[in-house]
Amino acid sequence: MAMMKQDIDFSVYRKNYPNKDGFFGKYGGSFIPPQLVDEFKNIYTAYETICQSSKFISELRRIRKEFQGRPTPTYHCERLSNSISNTQIYLKREDLNHTGAHKLNHCMGEGLLAKYLGKKKLIAETGAGQHGVALATAAAFFGLKCDIYMGEVDIAKQAPNVARMKLLGAKVVPVSHGLMTLKEAVDAAFEAYMNEYDEAIYCIGSVVGPHPFPLMVRDFQSVVGIEAREQFLEMTGNFPDAVVACVGGGSNAAGILTPFLADPVKLYGVEPMGRGTKKGDHAASLTYGTEGVMHGFNSIMLQNEKGEPDPVYSIASGLDYPSVGPEHAFLRELGRVEYGSATDEEAVDAFFTLSRLEGVIPALESAHAVAYAMKLAVEMGSGSILVNCSGRGDKDLDYVLEHYGDRL
Ligand SMILES: *Cc1c(COP(=O)(O)O)cnc(C)c1O
């Protein structure tokens, strides 16, 4: 593995990975029903064309500035840093992106692509509702229809997000078979898409799924790392020593980490270790998983002997995915990104600490990255760490108060 690292020239990495078939080394690809092969090729060709069109680029730039409120700031957490060691911790404030998380970065890109392709509808599934809300926002902006598939169990749990999606004009389609959660919603959304791909596009919510989604979502999210890199250099005159992001499917991590690949910077992804290391108690796919194909791509996944996804758990519903984007599996194999973890308890501690010391309430997902940075700050003793604060924690307040209210 260490050998392979020398073979890669990271200054031209983005041009070479993924290859034209969507592979990052052996990970990625496109494992889809034959009737969709041409449609996914169309999406890829359209994407390749529009990324070079100055009209598309300037339209996306305008949307980011005027609608999303980009660039989001990079912020030096002096009080948090001083409470730990001499290591200086900085946050990339994606919690200040419109709708309160990084997800809108790729949803707006996917919406603009849908417009270009002449599609009339965006289709997706959602678990906790975060991707559904971001996509419904993009659909409202572009005047597109939007069908969001959601398990009935999740609909009951996530009433505020269901209301948001409806308010934004999306149709929330209840899925009432099996366990009635995310897995069934993925299947139902994909099935619907197979019948309407002439009119609709399936918008994947992370750097996962068949080619070209891991590539497109990474590119749309890269704005996070490109901005942060420039801001950090301007603020300090140097690169950070380390960059840290939480990993569910891996989109916010791909966004902030990949623009630093060619720089002398240590890169870390943080997986959710949940309640512990037992199967079903965590969603640390790269830490405990094995190679396999799921949801149309080859990667490292938590699976049983039959190749079916294992049950997963995290306090952060955005992180409980049994696989991970193929590029992360590849970057780990190359030794370029190191993947660690944080438990529920560590994330909750970081949630309280960041709120109290900095006035920033992070999403429980982002709190995993903050928790890891806090551990790393002790280990490093000096230097600097840039953390992707992928979202704001208002959505998690009710849950945290119910379970940890005594810490107030
Ligand atoms: C969905 C979500 C995540 C996890 O998704 P990735 O694709 O791994 O980034 C992380 N943070 C927030 C705030 C989210 O909403």
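Residues numbered from 1 in each chain as written. Predicted model: local features only at pLDDT ≥ 70, side-chain atom pairs only at ≥ 80, totals over all residues. Heavy atoms only, no water.

As a further point, take the environment of Ala114. Checked against the element boundaries, Ala114 lands in helix H6 (residues 103-116). The contacts of Ala114, once residues within four sequence positions are left out, are Lys119, Leu122, Leu144 and Ile201. (Helix = DSSP H or I, 4+ residues; strand = E, 2+ residues; numbered from the N terminus. Contact = heavy atoms within 4.5 Å.)

On to the sheet that holds strand E14 (residues 384-389). A sheet is described by the order of its strands in space; here 6 strands give the open sequence E3-E4-E14-E9-E10-E13, paired in mixed fashion. Edge positions in the open sheet fall to strand E3 (74-77) and strand E13 (337-343), since each of these has one partner strand only. Strand after strand, the sheet turns through a mean of 30° between neighbouring axes, direction not considered. Here 4 bridges tie E3 to strand E4 (residues 88-93), and the two strands are oriented antiparallel to one another. Pairing of Tyr75 across the sheet is with Leu91, part of E4. The sheet strands contacting helix H11 (residues 213-236) are E3, E4 and E14, and the helix crosses E4 at an angle near 140°. (Pairing = 2+ DSSP bridges. Axes fitted to C-alpha atoms, helices over the stretch in contact; angles between N-to-C directions.)

By the element assignment, Ser390 lies in the loop between E14 and helix H17 (397-404). Separated by 2.7 Å, the side chains of Ser390 and Ser366 make a polar contact. Look past the residues within four positions of Ser390 in its chain and what remains in contact with it is Glu94, Asp95, Gly100, Ala101, His102, Cys246, Asn252 and Ser366. (Polar contact = N/O pair within 3.5 Å; in protein donor to acceptor, adjacent residues only side chain to side chain.)

Next up on the list: the domain arrangement of the protein chain. By the assigned domains, the protein chain splits into domain 1 (25-64 + 103-217) and domain 2 (69-101 + 221-407). Look at where the C-alpha atoms of domain 1 and domain 2 centre, and you get two points 23 Å apart. The partner domain 2 presents 33 residues to the 25 residues of domain 1 that form the contact. For the pair domain 1 and domain 2, the two sides together bury roughly 2400 Å², of which 59% comes from carbon and sulfur. On the domain 1 side of the interface with domain 2, the three residues burying the most area are Tyr27, Arg64 and Asn105, jointly 29% of the side's total. Counting across the interface, domain 1 meets domain 2 through 1 salt bridge. A salt bridge links Lys26 to Glu291, with the nearest nitrogen and oxygen atoms 3.3 Å apart. Only strand E2 (27-28), H6, helix H7 (130-142), helix H10 (182-196) and H11 provide two or more residues apiece to the side of domain 1 that touches domain 2. At 4 residues, H6 tops the list of elements feeding residues into the side of domain 1 that touches domain 2. (Domains from an automatic or database assignment. Buried area = accessible area lost by both parts, 1.4 Å probe. Salt bridge = Lys/Arg side-chain N within 4 Å of Asp/Glu carboxyl O.)

This part covers the site of the ligand. Around the ligand, the surrounding shell holds 16 residues, and the nearest of these are Lys103, Ser206, Gly248, Ser251 and Ser390. Within the side chain of Lys103, one N or O atom sits 2.6 Å away from an oxygen atom of the ligand. Gly249 places a main-chain nitrogen or oxygen 3.1 Å from an oxygen atom of the ligand. Taken by itself the ligand offers 380 Å² of open surface, and the protein chains cover 96% of this. Here the residues of the shell around the ligand sort into 4 nonpolar, 10 polar and 2 charged. (Near = heavy atom within 4 Å. Areas by Shrake-Rupley, 256 points an atom, 1.4 Å probe, with all protein chains shown as cover. Nonpolar A, V, L, I, M, F, W, Y, C, P; charged D, E, K, R; others polar.)

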